[in-house]
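# Descriptive structure summary
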Amino acid sequence: PLSQIATILGRHHSTIYREVQRNTYWDDDPFMSGYFHMNAQELYRRRRQSLQVFLKKTDLKSYVIDKLKIYWSPEQIAGYLKRMGVQGFYACSETIYRLIYSDEGKELGLYRYLFKGHKNRRKKFGRKSRGTRIPKHHSIAFRPEIVADRKTFGHWEGDLMIFNREHGPTNLTSLIERKSRYTILAKNSNRRPIPVIGQIGNLLSKLPSHARETITFDRGFEFLKYPILHEKIGMRSYFCDPQAPWQKGGVESNNNRIRRFLPRETKLDELGDSDIYGISVIMNNTPRKCLGFKTPQEVLNEHLQQSA
């Protein structure tokens, strides 16, 4: 185990994990992938070599840093240097990225000038899709077609609204009924799936069964305990395709409206349940053009009365 290797070498376990992650060789053949000391040394040598250009050419390094500070991207800097065509006065975008995320670059805070501004460099191909965690028959493609036209009642969309990390893990569950646009909001102390899904079940269980037929989520891990909804209140769950939140556009649009009252800078812990409920009351009693200028509360009441 890497933790045991760290103990033997007298290093922190994070150091060993970083070394293995940074210098692992990947191949299409899984038997050829892994951490090999010769490959690790060669990868280390190449990284060091790519930064040598800035050690030898301080004027080039100063030029690159100056351009980063006026928000040029590494690709733009490299392309401009190539177009200049000055012999020996060039660094590719990868070399510039390595300067940004080197010890010196981090000390200068060069990452802050990048478009995304991530403090640590992300993997080249991004994170892996979570699609495999959701069974195929729970994909939105298998959702009943009658849900799409918004003519039937009792079909919901759900999302989690996140706030600035420095204010803690507290977040907000946002639910909207697709036909009436009726909104339900609830505060969560964290993003763990069981409490998030459990609270959704508690909120919707107060409605009659015909008012809670289906619900559509994105593929966030906080919704992975969706079977609880079927077991608890008989509600079927469906999930958008990977990287396709627009497939639940009702709740996404509604979240933008809610941000007027709860911007990302909001310290959600300082708000009580009554404050959150007050915002949902405002949302549900505001006329909507898509409802013929009726309010979501009025449309919801009409449906509940028709089936009473």
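In case you missed it, the structure is sitting above this.
The notes below deal with the structure included here. Sequence order as written defines the numbering, with residues in each chain counted from 1. Local features are withheld for residues below a pLDDT of 70 in this predicted model, meaning they are given only at 70 or higher, and side-chain atom pairs are given and counted only at 80 or more; totals for whole chains, interfaces and linings count all residues. Excluded from the side-chain calculations are hydrogens and water; all other atoms, namely the structure's heavy atoms, are used.

## Looking at the overall build of the protein chain
Counted only if it meets this: To qualify as a helix, a DSSP run of H or I must reach at least 4 residues; to qualify as a strand, a run of E must reach at least 2; elements of each kind are numbered from the N terminus. Only C-alpha atoms enter the radius of gyration; for comparison, a globular chain is expected to reach 2.2 Å times N to the power 0.38, where N is the number of residues. The classification of residues rests on relative accessible area computed with a 1.4 Å probe and restricted to protein chains. Under 20% of the type maximum is buried, over 50% is exposed, and intermediate values are partly exposed. Every residue pair with non-hydrogen atoms within 4.5 Å of one another is taken to be in contact.
When its secondary structure is counted, the protein chain shows 12 helices and 5 strands. In terms of overall dimensions, the protein chain is more spread out than a globule: its C-alpha atoms have a radius of gyration of 26 Å, far above the 19 Å expected for 308 residues. Among the 308 residues that make up the protein chain, the fraction classed as buried is 39%. A separation of at least 24 residues holds for 54% of the contacts in the protein chain among residues at least 6 apart in sequence.

## A few points about the packing of helix α1 (residues 2–9) against helix α2 (residues 13–23)
Here is the rule: Only the stretch in contact is used when a helix axis is fitted, and all axes are lines through C-alpha atoms; the angle between N-to-C directions ranges over 0 to 180 degrees. When the near helix sits turned anticlockwise from the far one by under a right angle, the crossing is termed left-handed; a clockwise turn instead gives a right-handed crossing. Each residue receives one of three labels: charged for Asp, Glu, Lys and Arg, nonpolar for Ala, Val, Leu, Ile, Met, Phe, Trp, Tyr, Cys and Pro, and polar for the others, Gly being one of them.
For the pair α1 and α2, the least separation of the axes is 8 Å and the interaxial angle reads 120 degrees. Of the two possible hands of crossing, α1 and α2 adopt the one that is right-handed. Counting all contacts with α1, which are made through Leu2, Ser3, Ile5, Ala6 and Leu9, the residues of α2 involved are His13, Ile16, Tyr17 and Val20. Of the residues that constitute the contact of α1 with α2, the class distribution is 7 nonpolar, 2 polar and no charged.

## Observations regarding the sheet that holds strand β1 (residues 155–161)
Counted only if it meets this: By this definition, two strands are paired if DSSP reports at least two bridges between them.
One open sheet holds the 5 strands; their spatial order is β3-β2-β1-β4-β5, and the pairing between them is mixed. With one partner strand each, in any of the chains shown, β3 (183–188) and β5 (236–239) form the two edges of the open sheet. Here the strands of the sheet are splayed against their neighbours by 25 degrees on average, with no regard to which way each runs. When β1 meets strand β2 (residues 171–177), the two strands line up antiparallel, connected through 6 bridges.

## Some points on a positive patch on the surface
Selection criterion: Patch construction takes residues with relative accessible area above 30% that form no salt bridge. Like charges are linked within 9 Å, and nonpolar side chains (Val, Leu, Ile, Met, Phe, Trp, Tyr) are linked within 5 Å. Each accessible area is a Shrake-Rupley result for a 1.4 Å probe, and residues are judged covered by the shown protein chains and nothing else. Any carboxyl oxygen of Asp or Glu that lies within 4 Å of a side-chain nitrogen of Lys or Arg is treated as forming a salt bridge with it. Asp and Glu are treated as the negative residues and Lys and Arg as the positive ones, with His and the ends of the chain left uncounted. Working definition for charges: the position is that of NZ of Lys, CZ of Arg, CG of Asp or CD of Glu.
A cluster of basic side chains, namely Arg18, Lys106, Arg112 and Lys119, defines a positive patch on the protein surface. Structurally, Arg18 is set in helix α2. The partly exposed category is assigned to Arg18, whose relative accessible area is 45%.

## Let's talk about unusual backbone geometry
Positive phi outside glycine occurs at Tyr71, with the angle close to 70 degrees. Exposure remark for Tyr71: the relative accessible area of 58% places this residue in the exposed category. With a phi close to 60 degrees, Arg150 is a non-glycine residue in the positive phi region.

## Quick word on the packing of aromatic side chains
Here is the rule we go by: Any two rings among Phe, Tyr and Trp, with Trp reduced to its six-membered ring, count as a pair given centres within 6.5 Å; such a pair is stacked if its planes are under 30 degrees apart, edge-to-face if over 60, and tilted if neither. Charge-over-ring contacts are defined here by two conditions on Lys NZ or Arg CZ: a distance within 6 Å of the ring centre and an angle within 35 degrees of the ring normal.
Scanning the entire structure with this criterion turns up 6 aromatic pairs. Measuring from centroid to centroid gives 5.6 Å for Tyr63 and Phe89, while their planes differ by 70 degrees, and the two rings are edge-to-face. Note that Tyr63 is positioned in helix α4 (residues 58–68) and Phe89 in the loop between α5 (74–84) and α6 (93–100), a separation of 26 residues in sequence. Residue classification places Tyr63 among the buried residues on the basis of a relative accessible area of 19%. Among the aromatic residues, those joined into a ring-pair cluster are Phe217, Phe223, Tyr226 and Phe239. The ring of Trp72 carries Lys67 above its face, with NZ or CZ at 4.5 Å from the centroid. The positively charged end of Arg259 is found above the aromatic ring belonging to Phe163, 4.8 Å away from the centroid.

## Side note on the pairing of β1
Across the 7 residues of β1, 7 count as buried, placing the element largely inside the fold. Covered by surrounding structure in β1 are His155, Glu157, Asp159 and Met161 together with Trp156, Gly158 and Leu160, the residues of both alternating faces. Here β1 runs beside strand β4 (residues 214–217); their pairing, made up of 3 bridges, is parallel. By the bridge assignment, Trp156 is partnered in β4 with Ile215.

## A closer look at the environment of Pro242
Relative to the helices and strands, Pro242 is located in the loop between β5 and α10 (249–258). Residue Pro242 is classed as partly exposed on the basis of its relative accessible area, which comes to 36%. Separated by 103 residues in sequence, Pro242 and Ser139 have C-alpha atoms that sit 9.8 Å apart.

## As for the nonpolar core
The nonpolar side chains of a soluble globular protein tend to be buried, and buried together. Applicable threshold: Here, the term nonpolar core denotes a set of buried Ala, Val, Leu, Ile, Met, Phe, Trp, Tyr and Cys residues that are joined through side-chain atoms within 4.5 Å.
Membership of the largest hydrophobic core comes to 24 residues, with the highest contact counts inside it found for Trp156, Ile200, Leu204 and Ile215. Elements represented by at least two residues in this core include exactly β1, β3, α8 (193–204), β4 and α9 (227–233). Sort the elements by how many residues they give to this core and α8 lands first, with 5 residues. Contact partners of Leu204, with chain neighbours within four places excluded, come to Trp156, Leu175, Ile184, Arg212, Ile215, Ile233 and Met235. One finds Tyr63, Val64, Ala91 and Leu114 within the second-largest nonpolar core, a separate group that totals 18 residues.

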